[in-house]
Each structure stands twice: as structure tokens, then as C-alpha cells.
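Structure at a glance
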Amino acid sequence: MIRIERLGRSFGPKEVLRDISLEIRKGEVFTLIGPSGSGKSTLIRLIDLLDSPTSGKIFFDGRDTAGSEKDRLAIRRRMSMVFQKPAVLNTTVAENVAFGLKFRGESAVEAEKKVRFALNLVGLSDLYSRRAITLSGGEMQRVALARAMVTEPEVLLLDEPTANLDPVSSEMIEDLIVRINKRFGTTIVLSTHDMLQGQRLADRIGVIMDGRLAQVGSSLEIFYQPKGRQIARFVGIDAINGGQVIENTGGHALIRVGETCFEALTPIPVGKQVSLCIRPEDVTLTPSDSVSEKTSMRNRIIGRITKIVPSGPFVRVTVDCGFVMVSLITRRSCTDLGLSLGARVIAGVKATAIHVIPEEGNSSR
Amino acid sequence: MSDIANGIIQAVDLIVTLNPEVMQIAALSLYISLSATIIAALIAIPAGALIHFNDFYGKRAVIIIIQTLYSVPTVVVGLILYLLISRSGPLGILGLLFTPQGMILGQTVLIIPIMMGLVISALSGIDKSISDTLVSLGATQFQKIVEIVREARFAILSAVVLGFGRAIAEVGVAMMIGGNIRDHTRVLTTAITLETGMGNFALSIALGIILLVIALIVVVILNLITSALSSDMQQIAGGGPHG
């Protein structure tokens, strides 16, 4: 649907985007994730043709978008965009939703029908003749979504649509995005700095770091096999550094970190410095006094609990094993196991749950 | 003090009895200043939009010059125009000197800078995100400008009201270009100057009060028009060219 080739955008001497190549497929939900200021918004604005690239090309449905303003307008009218900060004009909700139709010269009768349909879609039919500036942030964003959908776009672009919203409104917007994609087959490109949102919504994810597209893949690939420590940290994995591959038999490797040996699956050869990425939810905890039994957990490391932080229905337990391991367990199991600060526990992790990445900077050694 | 009190009484009397001479002066004031305001608005709003929506070299300097012209003395505008339209001047052939038309021209020139400057700042006051939103919704350049002008309508109204205020309250242009000719170019401000010089303080106060009453009526009407415009402008925008 949209093909981006070696795209670059500079503002003065500052290079905001560098060498981005990407294909967005028809009908998919594609999420751009990355920290604030990484260039996500700039890329989305470029896709919506609100801005022109310094280098590279964007193809929409096979057509080069770098044409005359008239051609760009025609292409832009096949897309819609929702911004991070919803901007409503000082008029009624209905008129706000109708703008796209008005610009396209739609008749008033037809427009009214479509506006009612779009408002119904986002559940705001009651607010038809309300002044838009009196709405709450969440309602404004739903109006913005209705306004974007009323023109039946082929591509819907959303730039951090929930960044300024409360959790309830965010969830509502997320549900709408999913429903729109399913019901109308709209291709959706969404940017977010919330990697969990990316995981929830996306068919595919692109990670942007410092203006570069660092990795593109399914959410499983990004979250379990991040390419590099920077991405690992961003997707919520605390990597264990300073490992060295000491044995590797056909992809089944032994990796030494300090005094401890881990078993993991990796093609990285013996002698290389590596980091181990382990998702906190893949780390189990067992009180160290419990009877040792046979288990499929290949890695069992004794450590001492240094921190217990509640996080919703879960608890993040930090265990010092000479290096730091973080385990995410339910509140309930935390109580059942009687875990407390200073307690000795065995941290267990399956060999398959460890994602090994070459240590950056040393990989050439 | 008694002059002010007498002035108020006399003002009421002049208004209630519809004194023909005062009515004629008031009507001429209103005609000249309102014409100047309308012409100036028709020039200043598009010109202000043109400056705001285009990026060009020296834009900042142009805006500073416009803002400086806010404080141009009315007598200086009167003087320059006098030199241009007097019989021996380059525009003498038009015969505008000592005519209401000449006064309209003078007041128009006088208030264009302040209107244009305030239109530019009214448009600058509209958030960039509104402009982005309109473009992303498929607006042509023209449709975008119409919507942004519409969004800034209340601030633009202030610009027009201020222009009208400066026009109806000024003496310099009216005196130098109009000449304060009875039944022909005498307006409220020049009449006040004359009557004060002749010692008719109460009449001057009365004329001053009438001037303020006219201003009040005009401002109220302009406000009503702006509110009504909210729905009318839509049709104008809808009728614009579609790309």
C-alpha cells in the first residue's frame, strides 16, 4: 500500500530521519514504536504528505508521491490522520466531523448522513450539535477519529492517538482502531511510545531509534528477539551483560556470566561476548528451601530479593544473583510463596526463553 | 462641571428632537468612517492573510513596518494625502480635496496598517495543529485559509472594530482633507474642534456623546454580524474551488 524508500528528513543541520525503507501492506495494522523524539511523528507526517522528505521517496499504491501539489492533494484525500493533540475547530461537533466531506464538495444531505454514521461509530451520536471545544480530551479524540473516518480513507494514520488520554479513553480509542481495521479493512499506521499498546494492536511493528528504523517484525519477534540492547531495553527487557559463550553444540550454548552458567539457544560461536535478554514474565521464583525437583527449567540461579514493586495485578521482583534478574509474578503467588525483601530464592528460566544478542561494540572482536 | 452636565442635557435634547444639522453631521461621520472601515477591511483582511500564509524574505521586516504605522499621526497622513490630491499634486486631477470621498480615502489609508497588523496576529493566534488538521482532511490551500480566517473571526472582528474606532475618532485627516465645510465635509470631530474654539462647550460635549453612541451601535451590529457569519461563511467555503 505504502512503500518508503531510503527516506531522510533533516531540519536544518538536524537529521531527524535517516535511510528509512519500509513497506506497509494493505489492510494491516502497522505500529511505529520508539522513544519520544525518535522521529515517529515526522515519519507519519511525511506519509500523510504534510511534509516533504529531504531525500528518498514514498510510493502510495505504486504512485510516486513527489508530484505536483494537485497530485499530492488527490493522494492525501485517500488518507486520514489523527494527531496526538486533537485539534477541533470552534464550531459544532457535526461541522467538525464534516470538514473532510465539505472539502471534497460532498452535498449537505449526503454529508449529514455520513456524519451521523461516523459519530455513531465512535459512540458520540448524542453530541451532534454540541460545541466541540467544550468536549473532554477523550471525546475530542473520538471526534477526531470520526472526522478521519467519515471520508472512508484507505489508510488511517494515527500519531500517538492516546498519549494525552486517561486509561479508559485510551482503551476506547484502541478498541475503535481494531474495529475500524476489521470492519472496513482500513490500512492503519499508528505511532506510539507505549510498546504494550504496539503489542496489543499491531500486526507488524517497526522500531524507530534515533531516526533510524532499527527493526521491523511481528510483535513476537520484536518483544522476544530484539535486535540489540537498545531495543531490548525499550521493549522492557533488562539485558544481562558481560556474558561469554563458552560452549556451543549445534546452537545449544553455555554462556558464563560471572560465576553462573546459563543454557540458551543461539548460533553465536564460542568466545563471543554476549548479552542475555530475558523477559521478566519468563523468570520464575522458587523459595530456596523448597525441595529441589526435576524440572524443565534449565537455568536455576540462587539470589537474594532486593526490591519488590507492585505493578497492577503483578509484582516486579528484583533478584540479585551477582547480576540483576527481574521477575514478574502475580501478587497472589508473591503472597503464597511468602516472598519478602532479603529472602533467598531460586530464579528459574528456560533455555528457550533467553534471547542472546552479541554485545554491542565488542561484536567485531 | 456645569458644561458637562449641560452637554449631557443638550445631547439628549439634540438626539430626541432630531436636530437636522446635528443629524446631518452625525450621518456624514458615520458614512465616511464606515465606508473607510469597509474598504480598509476588504483590503486588510486578504492582505493580512496573504502575508501570514506566505513565507518570503523580509516578512518580519514588513510586519514591523506595519506595526510602526499603527502610530502614524493622523495629521501626517492628512498632510501627505493633501500634497498628493491637492490641485497641483500628482492625483489632483481626481478632485478629491475637500470632498467626503477624499476623507474616506484618507481614513482608509490611516486604518489599513492597524487592521492588517491585527489580522496577522489574529491568524498567528490559530494553532499550527488546526492548519495541519485541515490539510490532512484534504483542504486545498484556499479552503484551508478560509477555515482559518473563520476560526479567527472574533479576533479579526476586534481588528475591524479598532479600525472603525480610529477612523471615527480622528480629526487630522478630516480637517486637512475635508476642510470642515458646513453641510459638506463637517463631521463630528471637526465640529467639536470648531465649537470648542468658539466656546460652545456644552454643544461640543453633546457632539462627543453622540459620537460614542454611534460607536456603540456600530460595535453591537458588528458583533451580531460576526456571530451570524459563523454559519454563513460555511457556504462561502463550500462554494470554493475543489482540487
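Residues numbered from 1 in each chain as written. Chains lettered and ligands numbered in written order. Predicted model: local features only at pLDDT ≥ 70, side-chain atom pairs only at ≥ 80, totals over all residues. Heavy atoms only, no water.

**Comments concerning the state of the cysteines**
Residues and elements named next belong to chain A. By the definition in use, this model includes 0 disulfides over all chains. Looking at the unpaired Cys277, the closest cysteine sulfur is the one in Cys321, lying at 16 Å. The thiol of Cys321 is unpaired, and the distance to the nearest cysteine sulfur, on Cys261, comes to 14 Å. Classification of Cys321 as buried rests on a relative accessible area of 10%. (Disulfide = S-S within 2.5 Å. Buried < 20%, exposed > 50% of the residue type's maximum accessible area, 1.4 Å probe, protein only.)

**A look at the packing of helix α6 (residues 128-136) of chain B against helix α7 (residues 141-151) of chain B**
All names here are of chain B. The interhelical angle for the contact between α6 and α7, taken along N-to-C directions, is 140 degrees, at an axis separation of 10 Å. When you trace α6 past α7, the crossing you get is right-handed. Where α6 abuts α7, its residues Ile130, Ser131, Leu134 and Val135 lie against Lys144, Glu147, Ile148 and Glu151. Class assignment for the residues of the contact of α6 with α7 results in 4 nonpolar, 1 polar and 3 charged. (Axes fitted to C-alpha atoms, helices over the stretch in contact; angles between N-to-C directions. Helix = DSSP H or I, 4+ residues; strand = E, 2+ residues; numbered from the N terminus. Left-handed = near helix turned anticlockwise from the far one by under 90°. Contact = heavy atoms within 4.5 Å. Nonpolar A, V, L, I, M, F, W, Y, C, P; charged D, E, K, R; others polar.)

**Some details on unusual backbone geometry**
Phi at A:Asp210 takes a positive value of approximately 50 degrees, unusual for a residue other than glycine. Here A:Asp210 is to be found in the loop between β9 (204-209) and β10 (212-217). Of the residues examined, A:Asp210 reaches a relative accessible area of 52% and is grouped as exposed. One non-glycine residue, B:Phe98, lies in positive phi territory at about 60 degrees. With respect to the helices and strands, the residue B:Phe98 is situated in the loop between α4 (74-85) and α5 (100-124). Under the relative-accessibility criterion, B:Phe98 is labelled partly exposed at 34%.

**Quick notes on the interface of chain A and chain B**
Listed by partner, the interface residues are 24 residues for chain A and 23 residues for chain B. Interface area for chain A against chain B, summed over the two sides, is near 2,100 Å², with a carbon-plus-sulfur share of 56%. The largest per-residue losses of area from chain A upon contact with chain B belong to A:Leu89, A:Lys102 and A:Phe103, which jointly make up 29% of the total buried on that side. With a closest N to O distance of 2.9 Å, A:Lys102 and B:Glu147 form a salt bridge. Counting every contact that joins chain A to chain B gives 9 residue pairs in polar contact (both at pLDDT 80 or more). Within the residue set of the side of chain A that touches chain B, elements represented by two or more residues are α2 (69-76), β6 (79-82) and α3 (93-103) of chain A. Top contributing element to the side of chain A that touches chain B by residue count: α3(A), with 5 residues. Split by residue class, the side of chain A that touches chain B holds 10 nonpolar, 4 polar and 10 charged. (Buried area = accessible area lost by both parts, 1.4 Å probe. Salt bridge = Lys/Arg side-chain N within 4 Å of Asp/Glu carboxyl O. Polar contact = N/O pair within 3.5 Å; in protein donor to acceptor, adjacent residues only side chain to side chain.)

**As for the sheet that holds strand β16 (residues 299-311) of chain A**
All names here are of chain A. The 5 strands lie next to each other as β15-β19-β16-β17-β18, forming an open sheet whose pairing is antiparallel. Two strands bound the open sheet, and with one partner strand each, they are β15 (284-287) and β18 (324-330). Sheet twist, expressed as the mean angle between neighbouring strand axes with direction ignored, is 45 degrees. Sheet topology places β16 next to strand β19 (residues 344-349); 6 bridges connect them, and they run antiparallel. If you follow Arg300 over to β19, its bridge partner there is Gly348. (Pairing = 2+ DSSP bridges.)

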